[in-house]
Amino acid sequence: MTGRGVSDSDMPDFARSSSPPAPGFHDETCSALLAGTALPADAPAPLQHVANVMAALRAGSAADELAGQARALAEFRRRVGGSRGPHRFRIRRPAVLSPIVTAVAVAVVCLGGFAIAGYARALPPSAQRLAHETIRAPSGGDGAPAARHPSTPAGSGSSRQTGSGRCAARSHPAKHSDARPSQTSGRGDKLAARPGPCAGAHPARGRNSASDHPDSEPEHGR
Amino acid sequence: VIGSGFADVLAAAQQGDDSAFTQLWQDANVALVRYLRVIAPDAAEDIASDTWVQVVRRLRRFRGDEAAWRAWLFTTARRRTIDQARRRSRRPETPIDDVPASDLPVSADSSDIALEHLSTRAALALLKQLPPVQAEVILLRVVAGLDTGTVARLVGRSPGAVRVAAHRGLRQLAQNVTKAGVTL
């Protein structure tokens, strides 16, 4: 940088444009050209030429400039046209129903999986108990049936009944009412002495079940 | 330009009226094609068609006056042009010299083009000689009928820069016309 004492002749001269500016091109005339307003009659020739170009740009349509109307109209009819009445709902229905359909599908899949897992005894104990009570899936692990069926020996008969996938307590109601503490499978006396949770479900068979075969097949689901 | 009846025409088109949409299309497509013939001369008609397809898909959701409508239309066209240029840069096309003559499409003879519109083509050819920004700004102002602020938003520049580009373009256009001795 030079100091303040430099003369004007020493300052560089930056030419902004190599060509001379066109005469008459002020902001007002440029705005008039862009807006399409009429130029004064004494406007310079370059301005008149540009005005002619602008007028040509605004000229009416040619045939080749209207060539794509058929495709646009076809797309319009497909997307928008004929939308009065039921067609409009036909368009919108998927957007409204899709969450509902999805939710129903998810619920069906979840319930189906729950049922399958319940019958395969692959659920956690609490969930298995819920499956057992709601959809008659097999009850849970080895200890739970023994507690519910205190009269059932802990041997092979018990395992057959619980392993059959059915509620042994309902098929042998008398065993609940006539349960003896000595036949429990290791549970406490209080628990074993209590009637089973299903004891009241078969009142007619409550007394004469001592001779029931402990290995008889369960009846649920037949 | 449709003018004061634009709102009714737009509402009818949004309800599915064919004649209303045709009016919108005929009013705007000429300007759209002319704009595209300068900024995308190789694919102007294709981009115009794609632009209308895009506009039709969202026509129901459009809200605004005629200026907003035209701004939306030309913004869509400009974006489609940019997308087209990107696609072409990724997938270079085969030069037409390498294509057998038997595979070339047959087009209408040039004599089918109306002679009275030759001046419009000459004007567009003159605009193509300008720097792209100047040509685009002039087209959006003159052909599309957009104001300076709308053009500035559309091209992503300040209103002052748009004004300067337009004025420089007009001056350059005057010089080109004078040099070439073009009479429209």
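Residues numbered from 1 in each chain as written. Chains lettered and ligands numbered in written order. Predicted model: local features only at pLDDT ≥ 70, side-chain atom pairs only at ≥ 80, totals over all residues. Heavy atoms only, no water.

Trainee: Summarise the layout of surface pockets; cite the residues concerned and give the values.
Mentor: The space that makes up the second largest pocket amounts to roughly 290 Å³. Tallied by class, residues from the lining of the second largest pocket come to ten nonpolar, three polar and five charged. (1 Å grid on protein atoms, 1.4 Å probe; cavity = no way out; pocket = protein on both sides within 12 Å on 5 of 7 lines; lining within 4 Å. Points joined across faces, edges and corners; volume = space filled by probe spheres on them. Nonpolar A, V, L, I, M, F, W, Y, C, P; charged D, E, K, R; others polar.)

Trainee: Before we move on, can you summarise the interface of chain B and chain A with the specific residues and values?
Mentor: Taken together, the 46 residues of chain B in the interface contact 40 residues of chain A. Contact between chain B and chain A buries roughly 3,900 Å² in total, counting both sides, with carbon and sulfur atoms accounting for 62%. When the buried surface of chain B facing chain A is broken down by residue, Trp25, Val142 and Leu170 of chain B rank first, second and third, together holding 15% of it. A salt bridge links Asp18 of chain B to Arg77 of chain A; the shortest N-O distance between them is 2.6 Å. Counting the contacts that link chain B with chain A gives twelve residue pairs in polar contact (both at pLDDT 80 or more). Residue assignment for the side of chain B that touches chain A shows that the elements contributing at least two residues are helix H1 (6-14), helix H2 (18-39), helix H3 (44-57), helix H5 (118-128), helix H6 (132-142) and helix H8 (159-180) of chain B. (Contact = heavy atoms within 4.5 Å. Buried area = accessible area lost by both parts, 1.4 Å probe. Salt bridge = Lys/Arg side-chain N within 4 Å of Asp/Glu carboxyl O. Polar contact = N/O pair within 3.5 Å; in protein donor to acceptor, adjacent residues only side chain to side chain. Helix = DSSP H or I, 4+ residues; strand = E, 2+ residues; numbered from the N terminus.)

Trainee: Lay out the packing of aromatic side chains in plain terms, naming residues and giving numbers.
Mentor: According to the stated counting rule, one finds nine aromatic pairs over all chains in the structure shown. Ring centres 6.3 Å apart and planes at 45 degrees place the aromatic pair Phe6 of chain B and Trp69 of chain B in the tilted group. Within this pair, whereas Phe6 of chain B is found in helix H1, its partner Trp69 of chain B is found in helix H4 (residues 66-90), the two being separated by 63 residues in sequence. Of the two residues, Phe6 of chain B and Trp69 of chain B, both sit in the buried class. Taken together, the aromatic side chains of Phe76 of chain A together with Phe6, Phe21, Trp25, Trp52, Phe62, Trp69 and Trp72 of chain B make up a single cluster linked through ring pairs. (Phe/Tyr/Trp six-rings, centres within 6.5 Å; stacked < 30°, edge-to-face > 60°. Buried < 20%, exposed > 50% of the residue type's maximum accessible area, 1.4 Å probe, protein only.)

Trainee: Any details on H2 of chain B? Residues and values, ideally.
Mentor: Residues and elements named next belong to chain B. Here H2 contains 22 residues, and its C-alpha end-to-end distance of 30 Å stays within 8% of the 32 Å for a straight helix at 1.5 Å per residue. A bend of about 35 degrees at Ala28 is the largest found in H2. Most of H2 sits out of view: 17 of its 22 residues are buried. (Expected span 1.5 Å × (residues − 1). Bend = angle between axes of the 7 residues up to and from the residue.)

Trainee: Summarise helix H2 (residues 45-57) of chain A; cite the residues concerned and give the values.
Mentor: In this model, H2 of chain A (13 residues) spans 19 Å end to end at C-alpha, consistent with the 18 Å of a helix rising 1.5 Å per residue. Of all the residues in H2 of chain A, the buried ones are Pro46, Leu47, Val50, Ala51, Val53, Met54, Ala56 and Leu57 of chain A.

Trainee: Mind laying out the confidence of the model for chain A, listing which residues take part and the relevant values?
Mentor: Atomic detail in the predicted coordinates should be set aside for any region of low pLDDT. In the predicted model, chain A carries a mean pLDDT of 65, and 45% of its residues have values of at least 70. Scored below 50 in pLDDT, residues 83-91 of chain A shows twelve contacts in the model against residues more than four places distant or in partner chains. (pLDDT = per-residue confidence, 0-100.)

Trainee: I'd like a description of the packing of helix H3 (residues 69-79) of chain A against H2 of chain B, backed by residues and values.
Mentor: Contact geometry for H3 of chain A and H2 of chain B: axes closest at 11 Å, N-to-C directions at 140 degrees. Taken as axis vectors, H3 of chain A and H2 of chain B run oblique relative to one another. Helix-helix and strand crossings are classified by hand; for H3 of chain A and H2 of chain B the assignment is right-handed. Along its contact with H3 of chain A, which presents Gln69, Ala72, Leu73, Phe76 and Arg77 of chain A, the element H2 of chain B presents Asp18, Phe21, Thr22, Trp25 and Gln26 of chain B. Grouping the constituent residues of the contact of H3 of chain A with H2 of chain B by class yields five nonpolar, three polar and two charged. (Axes fitted to C-alpha atoms, helices over the stretch in contact; angles between N-to-C directions. Parallel < 35°, antiparallel > 145°, perpendicular 65-115°, else oblique. Left-handed = near helix turned anticlockwise from the far one by under 90°.)

Trainee: Lay out the packing of H4 of chain B against helix H7 (residues 148-155) of chain B with the relevant residues and their values.
Mentor: Working note: a packed helix pair is described by the angle between its axes plus the distance between those axes. Residues and elements named next belong to chain B. One can describe the packing of H4 onto H7 by two numbers: an axis separation of 10 Å at closest approach and a directional angle of 25 degrees. On the basis of their axis angle, the class for H4 and H7 is roughly parallel. For the element pair H4 and H7, the recorded crossing hand is right-handed. On H7, the residues that touch Ala71, Phe74, Thr75 and Arg78 of H4 are Thr150, Leu154 and Val155. Across the contact of H4 with H7, the residue classes break down as four nonpolar, two polar and one charged.

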